[in-house]
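A structural walkthrough
The primary structure of each chain is shown beneath.
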Amino acid sequence: MGQKVNPIGLRLGINKTWSSRWYADPREYANLLHEDLRIRKMVQDLPECKNADIAEIEIIRHPQRITIVIHTARPGVIIGVKGANIEQIGAMIQKQLSKKVQIKIKEIKRSETNASLVAQNVARQLANRGSFRKALKQASAAAMKAGAQGIKIRVSGRLGGAEMSRTEEHKEGRVPLHTLRADIDYGFTEAHTTYGKIGVKVWVYNGMMYSHEQKEDAGALLRKQRRDRGDRSEYADQNDRPERTQRAPTGRS
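For every chain, the first residue of the written sequence is number 1, and numbering continues from 1 onward in sequence order. A pLDDT threshold of at least 70 governs which residues receive local features in this predicted model, and a stricter bar of 80 or more applies before side-chain atom pairs are shown or counted, although totals over entire chains, interfaces and linings include all residues. Excluding hydrogens and water, the side-chain values take into account all heavy atoms of the structure.

**A short note on helix H2 (residues 26-45)**
Secondary structure elements are defined from DSSP: runs of H or I of at least 4 residues count as helices, runs of E of at least 2 residues count as strands, and each element is numbered from the N terminus. What a helix is expected to span follows from its residue count: subtract one and scale by 1.5 Å. Under the 1.5 Å per step criterion, the end-to-end length of H2 is 30 Å for 20 residues, consistent within 8% with the ideal 28 Å. Contacts are assigned to residue pairs with any non-hydrogen atoms lying within 4.5 Å of each other. Close packing links the buried residues of H2 with strand E1 (20-21), strand E2 (54-61), strand E3 (65-72) and helix H4 (84-96).

The structure is reproduced here in structure tokens:
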């Protein structure tokens, strides 16, 4: 009981990829990992990134530079007037790192179906003393309207300022967590209220992902069939020739 697996971690290499992409010597691995965590926390805590709805921060390490890709629903807030904000963010991060830093912004088109942004939206309402039931229903309805095939939201903590903490859940559509080819987005955040933290978990199901799998499998299957046919024809030719030469003398006698 309770041994749950992160839906993104379970699907790594199938239909999800890593948020940090780099290779390091085993002796440097721990330092670089902690540096990644520091970069993410730094970007989230910067005043320029406040209310920017940042869903994910990708970190790609090259030999001479570090590329930070910020996925956000409001790129205008991070870029600022004539790119003033993004320059300040780059300068602040550069002070903490030795390598050259490059920052890229990626816009999220449908924020209603992004699990991390849905969780942040619910957490924001809980921090502002909104009704948790209303927040869950509104977020679920918006996600389903935007094209999600299923959504599940779970909140845990002192809901409504109650003395005892409890867990409440709201679900719409279907969320097949055990199907590996299902495209499930997962997000988690915490709402900091006056009576403690409330954890918000969101699972969004965006349909099955067949295309990538089928292309690979179909190609491999076709190559295998060709190889098998080639092997069979060569084997048949080799077997046929000796039989003909052996039968000829027996017929003469």
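**Focus: the pairing of E2**
The cut-offs for exposure are 20% and 50% of the maximum accessible area for each residue type, with area from a 1.4 Å probe on protein chains only; residues under the lower value are buried, those over the upper are exposed, and the others partly exposed. Of all eight residues that make up E2, seven are buried, and the element is covered over most of its length. At least two bridges found by DSSP between two strands is the condition for calling them paired. Relative to E2, E1 runs parallel, the two being bridged by two bridges. Following the sheet pairing, Arg 21 is matched in E2 by Ile 60. Each parallel crossover has a hand, and the one from E1 via H2 to E2 is left-handed. In this structure, E2 lies alongside E3, joined through seven bridges in antiparallel fashion. Handedness is read with the strands pointing away from the viewer; a crossover is right-handed when the path from the first strand over the helix to the second is clockwise.

**A closer look at the sheet that holds strand E8 (residues 196-208)**
Picture the strands of a sheet paired through backbone hydrogen bonds; they go either parallel or antiparallel. Taken in spatial order, the four strands line up as E6-E5-E8-E7 in an open sheet, and their pairing is antiparallel. The sheet is open, and its two edges are formed by strand E6 (166-173) and strand E7 (182-193), each paired on a single side. Along the sheet, successive strands turn relative to each other by an average axial angle of 10 degrees, direction set aside. Where strand E5 (residues 150-157) lies against E8, seven bridges are found, and the strand directions are antiparallel. Residue Ile 153 lies in a different strand from E8, and its bridge partner there is Val 202. Of the strands in this sheet, E5, E7 and E8 are in contact with helix H5 (residues 115-127), which crosses E7 at around 25 degrees. Inter-axis angles, ranging from 0 to 180 degrees, are taken between N-to-C directions of lines fitted to C-alpha atoms, where helices are fitted over the stretch in contact.

**Looking at helix H6 (residues 132-145)**
Owing to its 3.6 residues per turn, the α-helix brings residues three or four apart onto one side. Along its 14 residues, H6 runs 20 Å from first to last C-alpha, staying within 8% of the 20 Å computed at 1.5 Å per residue. Of all the positions in H6, only Phe 132, Ala 135, Leu 136, Ala 139, Ser 140 and Ala 143 are classed as buried. Down the axis of H6, the smallest arc covering the buried residues is 120 degrees, so these residues share one side. In H6, the exposed residues that point more than 90 degrees away from the buried face are Lys 134, Lys 137 and Lys 145. Looking at the packing, one finds that the buried side of H6 touches H5, E5 and E6. Comment: arc refers to directions from the helix axis out to C-beta atoms.

**A few points about the sheet that holds E3**
The four strands lie next to each other as E1-E2-E3-E4, forming an open sheet whose pairing is mixed. In the strand order of this sheet, the two ends are held by E1 and strand E4 (100-107), each with one partner. The sheet contacts of H2 involve E1, E2 and E3, and relative to E2 the element is tilted by about 145 degrees. This element, H4, spans E3 and E4 of the sheet and lies at about 140 degrees to E4.

**Structural notes on the packing of aromatic side chains**
Pairing of aromatic rings covers Phe, Tyr and Trp, the last counted by its six-membered ring, and requires centre-to-centre distances within 6.5 Å; plane angles under 30 degrees mean stacked, over 60 mean edge-to-face, and any other angle means tilted. Taken as a whole and assessed by the stated rule, the structure comprises two aromatic pairs. For the pair Trp 22 and Tyr 29, a centre-to-centre distance of 5.5 Å together with 45 degrees between the ring planes defines the contact as tilted. Trp 22 gets classed as buried once you look at its relative accessible area, which sits at 19%. For Tyr 29, a relative accessible area of 46% translates into the label partly exposed. Note on geometry: a ring has a charge over it if NZ (lysine) or CZ (arginine) is within 6 Å of the ring centre and within 35 degrees of the ring normal. We note Arg 61 situated over the ring of Trp 22; from NZ or CZ to the ring centre the distance is 5.5 Å. Above the face of the Trp 203 ring, Lys 152 is positioned so that its terminal group lies 4.6 Å from the ring centre.

**Things to note about the side chain of His 170**
Turning to its location among the elements, His 170 is positioned in strand E6. Here a polar contact is taken to be a pair of N or O atoms separated by no more than 3.5 Å, where protein atoms must pair a possible hydrogen donor with a possible acceptor and residues adjacent in sequence count only if both atoms sit in side chains. In terms of polar contacts, His 170 uses its side chain to reach the side chain of Glu 172, at 3.5 Å. Excluding its chain neighbours within four sequence positions, the residues that come into contact with His 170 are Leu 136, Lys 137, Ser 140, Ile 151, Lys 152 and Ile 153.

**Topic: the packing of H5 against H6**
Running from N to C, H5 and H6 point in directions that differ by 155 degrees, and their axes come no closer than 9 Å. Compared by their axis directions, H5 and H6 come out roughly antiparallel. Considering how the two elements wind past one another, H5 and H6 form a crossing that is right-handed. Here Val 118, Val 122, Gln 125 and Leu 126 of H5 come into contact with H6, specifically with Phe 132, Ala 135, Leu 136, Gln 138 and Ala 139. By the convention adopted, Pro, Cys, Tyr, Trp, Phe, Met, Ile, Leu, Val and Ala count as nonpolar, Lys, Arg, Asp and Glu as charged, and the other residues, Gly among them, as polar. Taken together, the residues of the contact of H5 with H6 sort by class into seven nonpolar, two polar and no charged. If an angle is under 35 degrees, it is roughly parallel; if it is over 145, roughly antiparallel; if it lies from 65 to 115, roughly perpendicular; otherwise it is oblique. Two helices that cross are described as forming a left-handed crossing if the nearer one is turned anticlockwise from the farther one by less than a right angle, and a right-handed crossing if clockwise.

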